[in-house]
Each structure stands twice: as C-alpha cells, then as structure tokens.
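Here's the letter readout for the chains.
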Amino acid sequence: EDRKIKIWNLSSGDVEACLEGHTMKVLCLAFEQERNLLASGSQDRTIKIWNIIDGVEVFTLKDIPERITAILFLEKGKYLASGSNDKLIRVWDMAKRTEAFTLSGHTEEISSLSATSDQRLISSSFDMTVRVWNL
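Q: Describe the overall build of the chain, naming the residues involved and giving the relevant values.
A: Each helix and strand counted, the chain has zero helices and 13 strands in total. The linear arrangement of helices and strands in the chain, starting from the amino end, is β-β-β-β-β-β-β-β-β-β-β-β-β. Dimensions of the chain along its principal axes, counting C-alpha atoms only, are 45 × 30 × 30 Å. Counting across all 135 residues of the chain, residues that qualify as buried make up 40%.

Q: Account for a nonpolar patch on the surface, with residues named and values stated.
A: Taken together, Trp8, Leu10 and Val15 make up a surface patch of nonpolar side chains, about 370 Å² in accessible area. Looking at the secondary structure, you find Val15 in strand β2 (residues 15-20).

Q: Residues and numbers for the sheet that holds strand β9 (residues 89-93), please.
A: Across the sheet, four strands lie side by side as β7-β8-β9-β10; this open sheet has antiparallel pairing. What marks the edges here is a single partner per strand, and that holds for β7 (68-74) and β10 (98-103). Pairwise comparison of adjacent strand axes, ignoring direction, gives a mean angle of 25° for this sheet. In this structure, strand β8 (residues 79-84) lies alongside β9, joined through five bridges in antiparallel fashion. Among the inter-strand pairings, Ser82 is bridged to a residue of β9, identified as Arg90.

Q: For the pattern of salt bridges, give the residues involved together with the corresponding values.
A: Within this structure, the stated rule accounts for six salt bridges. Measuring nitrogen to oxygen at the nearest pair gives 2.9 Å for the salt bridge that ties Glu109 to Arg67. Highlighted residues: Glu109 in the loop between β10 and β11 (110-115) and Arg67 in the loop between β6 (56-61) and β7, separated in sequence by 42 residues. The class of Glu109 is buried, set by a relative accessible area of 17%.

What counts and what doesn't
Residues numbered from 1 in each chain as written. Predicted model: local features only at pLDDT ≥ 70, side-chain atom pairs only at ≥ 80, totals over all residues. Heavy atoms only, no water. Helix = DSSP H or I, 4+ residues; strand = E, 2+ residues; numbered from the N terminus. Buried < 20%, exposed > 50% of the residue type's maximum accessible area, 1.4 Å probe, protein only. Patch = residues over 30% accessible without salt bridge, like charges linked within 9 Å, V, L, I, M, F, W, Y side chains within 5 Å. Areas by Shrake-Rupley, 256 points an atom, 1.4 Å probe, with all protein chains shown as cover. Salt bridge = Lys/Arg side-chain N within 4 Å of Asp/Glu carboxyl O. Pairing = 2+ DSSP bridges. Axes fitted to C-alpha atoms, helices over the stretch in contact; angles between N-to-C directions.

This is the structure we're talking about:
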C-alpha cells in the first residue's frame, strides 16, 4: 500500500527503480516493450505513463470517473485500453493523450483486458462474461 511501483533486477534481486506519483493503490500495470513504456492504473482514478529506462513519468491521464482495474497497450503503444469499476472500457489515443472512444456492455467491474494477434480486444468482467471487441 505504499503506492510505489518497484522495478526489480531479477539477477541481483535489487530494486533498480521506484516509480512514485499515484496517491492511492496501484491496481494494474501494462508494459509496451518497443517504447519502453509502463502504464499504471490506480484507485486514484488516474493512469500514469512511465519511461522505464530513466524512471520518469511521461504523462498522466486524469479525470477518469472510477478506479482503474485493468489496462493494456494496443497497436504497439498507439492506443491504451483501460477498464474500470464503472463497467466501461475506455480506449485512449496515446499521441493525443485523450479518450478516443468508450466500449460498453459489461454489467459489472472490468477485471482484465487482453488482445488477440489481430488486435481484437478481449475483456472479462465480474459479471462472469468475456467479450471480444473488433476495434
């Protein structure tokens, strides 16, 4: 509950970086390998984008109505999908740093997000359903 994200060196067992900035618990993470970006979603209703090479916060997506429970980079970091306990999935345009569109259909909190190789979005929810979305 320290609201920090720790980057560990698996060989040495040491903490290499500690990312601080959320004001409440961090609930989910997503990594974008080509750009070395980490996204963190929190109970504080923000998504922070971090450069994990230098440990710097790149930007924050704010004013999200509910806590972030799932996040996933799409299309090699062009978009970011987020799920929350308001039952909605928001897809964010990373270049514009704005919400591109919203997907609705679940009747309970979003529990996880994944993508297929052809970039369809898969969501699961505490409503005990899995949905596949063509983006």
